[in-house]
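# What the coordinates show
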There are 2 protein chains.
Amino acid sequence: MPEPSNKAEHVVGVDLGGTKILAGIFDGSLECIGEAKVSTKAQRGVGAVVERIDRCVREAVDEADLSLKQVVGVGIGAPGAVDFAAGNVIFAPNLEGWKEVPLKKDLEKHLGLPVFVENDANIAVLGVHVAELKSKPKSVVGIFVGTGIGGGLIINGEPYSGFNHTAGEIGHMVIDVNGPKCGCGSRGCFEAVASRTAIFQGIKAAVKDGEKTILTEMLGDSLEDMRSGDLRKAMRRGDKLVAKVIEQTAEYIGIGVANLVNILGPEVVVLGGGVMEAIGDEMMPVITKIAKDHAMPGTMKGVDIVATKLGDNAGITGAAVLARRMTK
Amino acid sequence: MPEPSNKAEHVVGVDLGGTKILAGIFDGSLECIGEAKVSTKAQRGVGAVVERIDRCVREAVDEADLSLKQVVGVGIGAPGAVDFAAGNVIFAPNLEGWKEVPLKKDLEKHLGLPVFVENDANIAVLGVHVAELKSKPKSVVGIFVGTGIGGGLIINGEPYSGFNHTAGEIGHMVIDVNGPKCGCGSRGCFEAVASRTAIFQGIKAAVKDGEKTILTEMLGDSLEDMRSGDLRKAMRRGDKLVAKVIEQTAEYIGIGVANLVNILGPEVVVLGGGVMEAIGDEMMPVITKIAKDHAMPGTMKGVDIVATKLGDNAGITGAAVLARRMTK
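Residues numbered from 1 in each chain as written. Chains lettered and ligands numbered in written order. Predicted model: local features only at pLDDT ≥ 70, side-chain atom pairs only at ≥ 80, totals over all residues. Heavy atoms only, no water.

A separate point is the overall build of chain A. A count of helices and strands for chain A gives ten helices and 13 strands. Against the compact-globule benchmark of 20 Å for 328 residues, chain A has a radius of gyration of 20 Å, which places it among compact chains. Judged by the C-alpha coordinates and their principal axes, chain A covers about 60 × 45 × 40 Å. Out of the 328 residues belonging to chain A, those deemed buried represent 56%. Approximately 13600 Å² of chain A is accessible, and the part contributed by carbon and sulfur atoms is 48%. Charged side chains in chain A number 36 positive and 41 negative. The centres of these two groups are separated by 1 Å. (Helix = DSSP H or I, 4+ residues; strand = E, 2+ residues; numbered from the N terminus. Rg over C-alpha atoms; globule rule 2.2 N^0.38 Å. Buried < 20%, exposed > 50% of the residue type's maximum accessible area, 1.4 Å probe, protein only. Areas by Shrake-Rupley, 256 points an atom, 1.4 Å probe, with all protein chains shown as cover. Lys, Arg positive; Asp, Glu negative; His and termini not counted. Charge placed at Lys NZ, Arg CZ, Asp CG, Glu CD.)

Taken together, the contact pairs 42 residues of chain A with 42 residues of chain B. Between chain A and chain B the total buried area reaches about 3500 Å² when both faces are included, carbon and sulfur atoms providing 58% of it. Summed over the three residues of chain A that lose the most area to chain B, namely Phe-163, Ile-263 and Met-296 of chain A, the buried surface amounts to 19% of that side. At the surface where chain A touches chain B, the tally comes to 20 residue pairs in polar contact (both at pLDDT 80 or more). Counting only elements with at least two residues in the side of chain A that touches chain B, the list comes to β10 (149-155) and α8 (240-264) of chain A. Taken together, the residues that form the side of chain A that touches chain B break down as 22 nonpolar, 16 polar and four charged. (Contact = heavy atoms within 4.5 Å. Buried area = accessible area lost by both parts, 1.4 Å probe. Polar contact = N/O pair within 3.5 Å; in protein donor to acceptor, adjacent residues only side chain to side chain. Nonpolar A, V, L, I, M, F, W, Y, C, P; charged D, E, K, R; others polar.)

Another aspect to go through is unusual backbone geometry. In this structure, His-165 of chain A is a non-glycine residue whose phi angle is positive, near 60 degrees. The exposure class assigned to His-165 of chain A is partly exposed, which follows from its relative accessible area of 21%. One non-glycine residue, Leu-223 of chain B, lies in positive phi territory at about 55 degrees. For Leu-223 of chain B, the position within the fold is in the loop between α6 (214-219) and α7 (228-236). The class for Leu-223 of chain B is buried, based on a relative accessible area of 1%.

By secondary structure assignment, the location of Glu-267 of chain B is in the loop between α8 (240-264) and β12 (268-272). The class for Glu-267 of chain B is buried, based on a relative accessible area of 18%. Sequence-wise, Glu-267 of chain B and Asp-106 of chain B are 161 residues apart; in three dimensions their C-alpha atoms are separated by 37 Å. What Glu-267 of chain B contacts, discounting residues up to four positions off in sequence, is Phe-163 of chain A together with Pro-137, Lys-138, Ser-139, Gly-302, Val-303 and Asp-304 of chain B.

Residue and element names in this part refer to chain A. Its 15 residues give helix α10 (residues 313-327) an end-to-end C-alpha distance of 21 Å, which sits within 8% of 21 Å, the value for a rise of 1.5 Å per residue. Burial analysis of α10 places eleven of its 15 residues in the buried class, which makes it a mostly covered element. Every buried residue belonging to α10 is among Ala-314, Gly-315, Ile-316, Thr-317, Gly-318, Ala-319, Ala-320, Val-321, Leu-322, Ala-323 and Arg-324, and all of these are buried. Those residues of α10 hidden inside the fold are in contact with β1 (10-16), β2 (20-26), β3 (32-39), β4 (71-78), β8 (115-119) and α3 (120-131). (Expected span 1.5 Å × (residues − 1).)

A few words on the sheet that holds strand β5 (residues 81-83) of chain A. All names here are of chain A. With respect to topology, three strands assemble into an open sheet ordered β5-β6-β7, the strand pairing being antiparallel. Looking at the sheet topology across the chains shown, the edges are occupied by β5 and β7 (99-101). Averaged over all pairs of adjacent strands, the angle between their axes in this sheet comes to 20 degrees, without regard to strand direction. Bridge count between strand β6 (residues 88-91) and β7: two bridges; the pairing is antiparallel. Across the sheet, residue Val-89 finds its bridge partner in β7, namely Val-101. (Pairing = 2+ DSSP bridges. Axes fitted to C-alpha atoms, helices over the stretch in contact; angles between N-to-C directions.)

With that settled, the discussion passes to the relation of the copies chain A and chain B. With an RMSD of 0.0 Å, the fit of chain A onto chain B corresponds to turning through 180 degrees and sliding 0.0 Å along the axis. Accordingly, the operation relating the two chain copies is best matched by a two-fold axis. When the interface residues of chain A are mapped onto chain B, 100% of them again fall at the interface, so both copies present the same face. (Least-squares fit on C-alpha atoms with pLDDT ≥ 70 in both.)

Residue and element names in this part refer to chain B. In space, the three strands of this open sheet follow the order β5-β6-β7, with antiparallel pairing throughout. On the outer flanks of this sheet lie β5 (81-83) and β7 (99-101), each paired with one strand and no other. Between one strand axis and the next, the sheet turns by 20 degrees as a mean value, whatever way the strands run. For β5 and strand β6 (residues 88-91), the ladder comprises three bridges, and the chain directions are antiparallel. Residue pairing for β6: Ala-81 is matched across the bridge by Phe-91.

Turning to the pairing of strand β9 (residues 140-145) of chain B, a few remarks are in order. Residues and elements named next belong to chain B. With six of its six residues buried, β9 lies for the most part within the structure. Every second residue of β9 is oriented toward a common face, with Val-140, Gly-142 and Phe-144 on one face and Val-141, Ile-143 and Val-145 on the other, all of them buried. Sheet topology places β9 next to β12; five bridges connect them, and they run parallel. Following the sheet pairing, Gly-142 is matched in β12 by Val-270.

A word on the side chain of Asp-176 of chain B. With respect to the helices and strands, Asp-176 of chain B occurs in the loop between β11 (158-159) and α4 (190-194). Although Asp-176 of chain B is buried, it forms no salt bridge, and the closest oppositely charged side chain is Arg-187 of chain B at an N-O distance of 8.8 Å. Not counting residues within four places of it along the chain, the set of residues in contact with Asp-176 of chain B comprises Ile-175, Asp-176, Val-177 and Asn-178 of chain A together with Arg-187, Gly-188 and Tyr-252 of chain B. (Salt bridge = Lys/Arg side-chain N within 4 Å of Asp/Glu carboxyl O.)

So, about helix α1 (residues 46-63) of chain B. Residue and element names in this part refer to chain B. For α1, spanning 18 residues, the distance from its first C-alpha to its last is 26 Å, which sits close to the expected 26 Å at 1.5 Å a residue. Along α1, the positions that sit buried rather than exposed are Val-49, Val-50, Arg-52, Ile-53, Asp-54, Cys-56, Val-57, Ala-60 and Val-61. Summarising the contacts, the buried residues of α1 are in contact with β1 (10-16), β2 (20-26), β3 (32-39), β4 (71-78) and α2 (103-111). Looking at the residues trailing α1, positive phi occurs at Asp-65, about 55 degrees.

Printed below as a string of structure tokens:
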């Protein structure tokens, strides 16, 4: 049984995304006891987004029948390069106008509470580390497969962001130098061949070439509004095209895992994000096999490759962990 | 002016390679005042190699008109996975029979001095860090291009080797998934497209296809005994084929640099090894341009990409630095 929660120790974790803001209030045993969600509306400008974060935090606290006075700190994961010490978002490519934003300072003014800002992928890995990984590994690589591919690093037990606070940009590791164009301008980046975007493009291209899939029955010939969950449904109904594209994607992810194990020598590799949440069960055996085949002898010994079960909550959990650590 | 050397502070640095062993004795201001070199002769077995290291150390010390009594410690870089704390070489793929070798313990018995063992690439980066990089960066990635491609990491100011002591195996980062077969079994590894081996294969294949090069005049049609220095000579004589292959190689190295900057966010990237020593001047502008083109926005800000001038001495210098640090 966990200890009864100490109200003076409540923390709030926030996950600031390109489309939505999630907030969760956590008790002394790191249970989430209230959540809130609002859309980001980045186009309204930085000030408006900061106000929406403030509102989302207050709503989560209210959801748990508590007040801000019972919260000791707020952690927040932001989608970009973050200067943790200063509490600034240096830049966030998916948030319009976010350059050198003093998020810590601004939000502290709104909330009257200490605020701590980190990169969202690093914070998600921290959440998985504390809530799921019982061995408490000293080094972890997190790979989050969604619209793009994000990465988070734990080195020597701490989130690691490197010199420019940009370490972990694994989505733009080139693995197929002659491969498809990536949004970043390069060719064959990890996220250009293995993200949800790449999966959808692969399926759409095959359909154009005349290949058959149940997805066209489900969604119409133009395959609009396709979601990760549709892939799972199609696979479970025996769809061969979807199975083939997913297997290929899993192979690419396996090669990405091997690259990162060769380079970083982590103790645990964590896979997460929307794609893994939807079809991780189908992909994990292929990812693990290909990763082991491609990693150098000795590098994989005792290394765990796991899929997180925290899903969308990894971010708010990690942010709460950060707030807890910093206010202790 | 450096302080006059304190004889009680002499250290020896050793670079254990697959074909040769280098040792250097360094004074209190980290000047190398004596060197020795012997062939490794790995085929004679582990015990024989340890004896040869012992001999090489003694010869370097003698070269400086000193005795072992004036040495406080020995550092050694070994070509493989090393457990620094235990002083064991876990495995070294290019040294026959080297699995779980207690090199520290064995060599301490021979020499009667404290011995410290690290991975050779990590130690070479440490040597460059101390002897060449005036800014004393907290994070460095070293890329050593020779027969293969080795990597060394400094993170938070210290050599970093990860969970299995194998971090930095950057030569087996896949960057061209459909590329040429690598010795490791994968396709399109960094060293399969950008090492000396890859350069020589590229030139030989082009010659077979009927392309012209001065190299056949210099070395005969079979291009036997080609060395990195021959490439430099051919380029300086205006050889177009060699220039083309070298440019392609530099482009691949640039992509490798970008990948590592995206993943690790280092402050400095150091390029070294035999190929860089021979034709680094020709390759560096291309490497730097391609790396900047391929790295994500923000990741390259203030990052230095430099070629080391230490050459073969990076290893013994770093090993000496390690010995000095550990005996202080």
